[in-house]
Every structure is written in C-alpha cells, then in structure tokens.
Amino acid sequence: MTTNKTRIAIFCSGSGSNFQAIFHALKTRQLNAKIVLCLSNRSQCGAMEFAHQNGIDTAHLMEKQFSSFDAFSEAMVKCLKEKQIEMIVLAGYMRKVPDAVVTAFTDRIINIHPALLPKFGGKGMYGIYVHTAVLAAGETESGATVHLVNEEYDKGRILMQRRVPVLSDDTPESLAARVLACEHTLYPDALEKLLAEQQS
Ligand code: GAR
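What counts, and at which threshold
- All residue numbers refer to positions counted from 1 along the written sequence of the respective chain.
- Totals for whole chains, interfaces and linings use every residue, but because this is a predicted model, local features are given only for residues with pLDDT of at least 70 and side-chain atom pairs only at 80 or more, for both listing and counting.
- Values reported for side chains reflect all heavy atoms of the structure, with hydrogen atoms and water molecules removed beforehand.
- When the centres of two rings from Phe, Tyr and Trp lie within 6.5 Å, Trp using its six-membered ring, the rings pair. Their planes under 30 degrees apart give stacked, over 60 give edge-to-face, and anything left gives tilted.
- A run of H or I in DSSP counts as a helix once it spans at least four residues, and a run of E counts as a strand once it spans at least two, with each numbered from the N terminus.
- Note on classification: 1.4 Å probe, protein chains only; a residue is buried when its accessible area is under 20% of the maximum for its type, exposed when over 50%, partly exposed between these limits.
- Either the NZ atom of lysine or the CZ atom of arginine qualifies as a charge over a ring when it sits within 6 Å of the ring centre and within 35 degrees of the ring normal.
- For helices, the axis comes from a line fit to the C-alpha atoms of the stretch in contact; other axes are also lines fit to C-alpha atoms, and the angle between any two N-to-C directions lies between 0 and 180 degrees.
- An angle below 35 degrees is treated as roughly parallel, one above 145 as roughly antiparallel, one from 65 to 115 as roughly perpendicular, and anything else as oblique.
- It is the rotation of the near helix from the far one that decides the hand of a crossing: anticlockwise by less than a right angle makes it left-handed, clockwise makes it right-handed.
- Should any heavy atoms of two residues lie within 4.5 Å, those residues are counted as being in contact.
- Each residue receives one of three labels: charged for Asp, Glu, Lys and Arg, nonpolar for Ala, Val, Leu, Ile, Met, Phe, Trp, Tyr, Cys and Pro, and polar for the others, Gly being one of them.
- Residues enter a patch when their relative accessible area is above 30% and they make no salt bridge; the linking distance is 9 Å between like charges and 5 Å between nonpolar side chains (Val, Leu, Ile, Met, Phe, Trp, Tyr).
- Per-residue accessibility takes into account occlusion by the displayed protein chains alone, with areas from the Shrake-Rupley method and a 1.4 Å probe.
- We count a salt bridge whenever a side-chain nitrogen from Lys or Arg sits within 4 Å of a carboxyl oxygen from Asp or Glu.
- In the analysis that follows, any N or O atom pair within 3.5 Å is treated as a polar contact, provided that within protein one partner can donate a hydrogen and the other can accept it, and provided that, for residues neighboring in sequence, both atoms belong to side chains.

## What to know about the packing of aromatic side chains
- Taken as a whole and assessed by the stated rule, the structure comprises six aromatic pairs.
- Between the aromatic rings of F23 and F50, the centroid separation amounts to 5.2 Å while the plane-to-plane angle is 85°, which identifies the pairing as edge-to-face. Residue F23 is located in helix α1 (residues 17-28), and its partner F50 is located in helix α2 (residues 46-53); the two are separated by 27 residues in the primary sequence. Assigned by exposure class, F23 and F50 land together as buried.
- Here the aromatic residues F19, F23 and F50 are joined through ring pairs into a cluster of three or more.
- Cation over ring: K81 sits above F105, and NZ or CZ is 5.3 Å from the ring centre.
- In this structure, K96 packs its charged tip against the face of Y153, placed 5.7 Å from the ring centre.

## Quick look at the packing of α1 against helix α6 (residues 172-199)
- At a minimum axis distance of 9 Å, the contact between α1 and α6 shows a crossing angle of 45°. Between α1 and α6, the interaxial angle falls into the category oblique. Considering how the two elements wind past one another, α1 and α6 form a crossing that is right-handed. Mapping the contact onto sequence places S17, N18, A21, I22, A25 and L26 in α1 and L180, E183, H184, Y187, P188 and L191 in α6.
- The residue inventory of the contact of α1 with α6, partitioned by class, reads eight nonpolar, three polar and one charged.

## Re a nonpolar patch on the surface
- Together, M94, Y126, I128 and Y129 give the surface a local cluster of nonpolar side chains, amounting to about 380 Å² of exposed area.
- Relative to the helices and strands, Y129 is located in helix α5 (residues 128-136).
- Taking relative accessible area as the criterion, Y129 reaches 47% and is therefore assigned partly exposed.

## Observations regarding the side chain of H113
- The residue H113 is located in strand β5 (residues 109-113) in this model.
- Residue class for H113 comes out buried when judged on its relative accessible area of 3%.
- Engagement of the side chain of H113 in a polar contact is seen with the backbone oxygen of F120, the distance being 2.7 Å.
- Excluding its chain neighbours within four sequence positions, the residues that come into contact with H113 are F120, G121, M125, V130, G143, A144, T145, H147 and D154.

Written out as structure tokens, the structure reads:
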C-alpha cells in the first residue's frame, strides 16, 4: 500500500545519537517516514548540529523565551502544526512535553527511556541519574524502553523493551554506554513497528 511519508519532528537536548540512529534507519530500511524538524531547548547541541548538516529544519524553543508557560506551549503547538507534523519522537529531550502538545498529538508521541520501565522512571529520572539509581538498587539487568507519551512522566503505554546485563564493575557511565548502544537498535525497531501499525 502506498502512503505519504509520515512527517516526524524529533525533540532532542543533547548529543543526538538516537536521532542519528533513527535518521539512518529511515533511509536504510526505506521506512515510510521522514524527519522534517528537529526541535530543541538548546540552540547548540549535537542534535541541532546534525540537523543543520543534514538539511533538516530546526526550532529552538525554550520556556524563558516566552512570557508564560501557556505562551510557550502554544508556540510549540503552532510550530508543529505549521510543519504539518504527524508524529513526535523524543530522543534525549530533557524537558517535559507541555500538556497542550500531548493533547494535540495524542498517541502520536513516543519516547525512549534508558531503563526498564515502570522501574526507574518519573520526575528527575533522566540521563545518568537513571543509571546511578539502577546501580544503587543492585539490579542485575537494565535496558531501554520505548513508550507512548501522556501527561505523566514515563507512564504511557510501553511499545518495546530491550535488556542489557548490569556488570559487577559497572559505573553509571559504563552502564549508560551499554544501554545507549542498545537504544540505537531498539528505537528504530520500535518506530518501524509503530509506523507499520499506523500505515496498514
Ligand atoms: C538516551 O540515553 C536517552 O534514553 C536518554 O537520554 C539519552 C540521550 O542520548 N533520555 C532520557 O533520559 C529521557 N528521560 P542521545 O542524545 O545521544 O540520543
């Protein structure tokens, strides 16, 4: 069945390695989707740099540019509508997505979290803090989770998970690197599955 390519906005705050993994997977797997916008709360970061290098439009939006959180939320929705975005992919976006955006894109926002949700999720659980908590809890395995985004941190329906071992000599950094490598295959796989479901 032939359909138009799903228009994706990717939200990032950091190095953007998941963004890059998805960008390459869309091409090599010939998925019926394209990244048309990189939105970030940081004007300069690896993700924004990658977007510039690859001719992808960028938007730098942060709360303090606006007089209120509502104004910020409205600007984000407007930006996404103007670009005719159909799906939002959070890839290391270290901010909570405004409720107005979640409402406007119900069941069309996905996130990757660097642990096996529902464990080690919620407010304050992001980046290296997650891996520090996993080690402090004495877990023998960790992993990554791709899930739908709703108004609550890390609580949307789980789409796919993949596990990695926790080694006895792990540091938060060594565990983070192992989980991140796992994310780079998990996220494209989950996105491919979701697109297939939506486009069938
Ligand atoms: C990834 O490990 C991602 O799971 C995590 O940030 C990293 C971003 O790396 N996201 C969160 O912690 C969100 N709660 P990247 O910029 O190289 O893709």
